[in-house]
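The lines below spell out each chain.
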Amino acid sequence: MEQIIFYILALIMIVFAIASVTSKKMLRSVIYLLFVLCGIAGIYFLIDYNFLAAIQLTVYAGGIIVLIIFSVVLVHHIEMELELAKRSKQILTALACLIGLGVFLTTIYGHQFNVVENSVTTTTEDIGLGLLSYETGGFILPFEVISVLLLASMIGAIVIAKGKKLTDKNDTTL
């Protein structure tokens, strides 16, 4: 049953990834990408990586896709048509993809992969304690630096989005 679900998720991801790359409409490409990211989360749930699946859904499928949709809407390019590449570039890209697929399949089928039973499970609590630990091996400092960086990027995005409106109001009050 797990194998059937895996193949269904893999097929959905492949179809929507191809649709995302080949679609001329920008908003449709973003929605197709959303389905690909949800399929990846489904694979994580399938292999019992629940925390990683939840992060995939919230950060990528939730946050990044919403950010892309907002940026498309903010610049008023909802119905923007993407231009097609020249035929020579399409053929070159297809050839590079086929070579990459050949190397990938040769590597996968050329090596014996043994299943190793893992008796130690990592819980969400263990991950949280590791992220917020002050001791050796803790990640509290990088965690705080990333939060300040994200705050600065959100403020920068607001300033860029306001742009001319923000500077016009400041000019009239002086």
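Just so we're clear, the structure is a prediction, and the values are computed from it rather than from any experiment.

1. Overview of the packing of helix H1 (residues 2-22) against helix H2 (residues 26-46)
Angle between the axes and distance between the axes: these two values describe a pair of packed helices. Contact pair H1 / H2: the axes reach a minimum separation of 8 Å and the direction vectors enclose 160°. Judged on the interaxial angle alone, H2 and H1 are roughly antiparallel. You can see that H1 and H2 cross each other, and the crossing is left-handed. Packed against H1, whose contacting residues are Glu2, Ile5, Phe6, Leu9, Met13, Phe16, Ala17, Ala19 and Ser20, the element H2 presents Ser29, Tyr32, Leu33, Phe35, Val36, Gly39, Ile40, Gly42, Ile43 and Leu46 at the interface. Taken together, the residues of the contact of H1 with H2 break down into 14 nonpolar, four polar and one charged.

2. Some details on the layout of surface pockets
In this structure, the largest pocket encloses a volume near 570 Å³. Taken together, 18 residues form the lining of the largest pocket, with Ile18, Val21, Thr22, Thr93 and Cys97 sitting closest to its centre. Residue assignment for the lining of the largest pocket shows that the elements contributing at least two residues are H1 and helix H4 (87-110). Among the elements that take part in the lining of the largest pocket, H4 stands out by supplying seven residues, more than any other. Considering only residue class, the lining of the largest pocket consists of eleven nonpolar, four polar and three charged. Space inside the second largest pocket adds up to approximately 440 Å³. If you trace the second largest pocket, you find 13 residues lining it, with Ile47, Asp48, Tyr49, Thr121 and Thr122 closest to the centre.

3. A short note on a nonpolar patch on the surface
On the surface, Ile47, Tyr49, Phe51, Leu52, Ile55, Val59, Tyr60, Ile64 and Leu67 cluster together into a nonpolar patch covering about 790 Å² of accessible area. As for its position among the elements, Ile47 is in the loop between H2 and helix H3 (50-74). Owing to a relative accessible area of 47%, Ile47 belongs among the partly exposed residues under this scheme.

4. Digging into the side chain of Gln56
The residue Gln56 is located in helix H3 in this model. The exposure class of Gln56 is buried, given its relative accessible area of 8%. When sequence neighbours within four positions are dropped, the list of residues in contact with Gln56 reads Leu37, Ile40, Ala41, Tyr44 and Ala61.

5. With respect to H2
Taking 1.5 Å of rise per residue, the 21 residues of H2 would be expected to cover 30 Å, and the 30 Å separating its terminal C-alpha atoms lies within 8% of that figure. Among the residues of H2, Ser29, Val30, Val36, Leu37, Gly39, Ala41, Gly42 and Ile43 are the ones counted as buried. In this structure, the buried side of H2 is in contact with H1 and H3. Asp48 sits one or two residues past H2 and shows a positive phi near 65°.

6. Considering the confidence of the model for the chain
Of the residues in the chain, 89% have a pLDDT of 70 or more, and the chain-wide mean is 83. Per-element mean pLDDT across the chain ranges from 57 in helix H7 (residues 164-173) up to 93 in H4.

7. Some thoughts on the packing of aromatic side chains
One pass over the full model with this rule turns up three aromatic pairs. Here Phe16 and Tyr32 contribute two aromatic rings whose centre-to-centre distance is 5.9 Å and whose plane-to-plane angle is 40°, an arrangement assigned as tilted. Residue Phe16 is located in helix H1, and its partner Tyr32 is located in helix H2; the two are separated by 16 residues in the primary sequence. By relative accessible area, Phe16 is classed as partly exposed at 23%. Three or more aromatic residues link up through ring pairs in this structure, and these residues are Phe16, Tyr32 and Phe35.

The rules behind these values
Residues numbered from 1 in each chain as written. Predicted model: local features only at pLDDT ≥ 70, side-chain atom pairs only at ≥ 80, totals over all residues. Heavy atoms only, no water. Axes fitted to C-alpha atoms, helices over the stretch in contact; angles between N-to-C directions. Helix = DSSP H or I, 4+ residues; strand = E, 2+ residues; numbered from the N terminus. Parallel < 35°, antiparallel > 145°, perpendicular 65-115°, else oblique. Left-handed = near helix turned anticlockwise from the far one by under 90°. Contact = heavy atoms within 4.5 Å. Nonpolar A, V, L, I, M, F, W, Y, C, P; charged D, E, K, R; others polar. 1 Å grid on protein atoms, 1.4 Å probe; cavity = no way out; pocket = protein on both sides within 12 Å on 5 of 7 lines; lining within 4 Å. Points joined across faces, edges and corners; volume = space filled by probe spheres on them. Patch = residues over 30% accessible without salt bridge, like charges linked within 9 Å, V, L, I, M, F, W, Y side chains within 5 Å. Areas by Shrake-Rupley, 256 points an atom, 1.4 Å probe, with all protein chains shown as cover. Salt bridge = Lys/Arg side-chain N within 4 Å of Asp/Glu carboxyl O. Buried < 20%, exposed > 50% of the residue type's maximum accessible area, 1.4 Å probe, protein only. Expected span 1.5 Å × (residues − 1). pLDDT = per-residue confidence, 0-100. Phe/Tyr/Trp six-rings, centres within 6.5 Å; stacked < 30°, edge-to-face > 60°.

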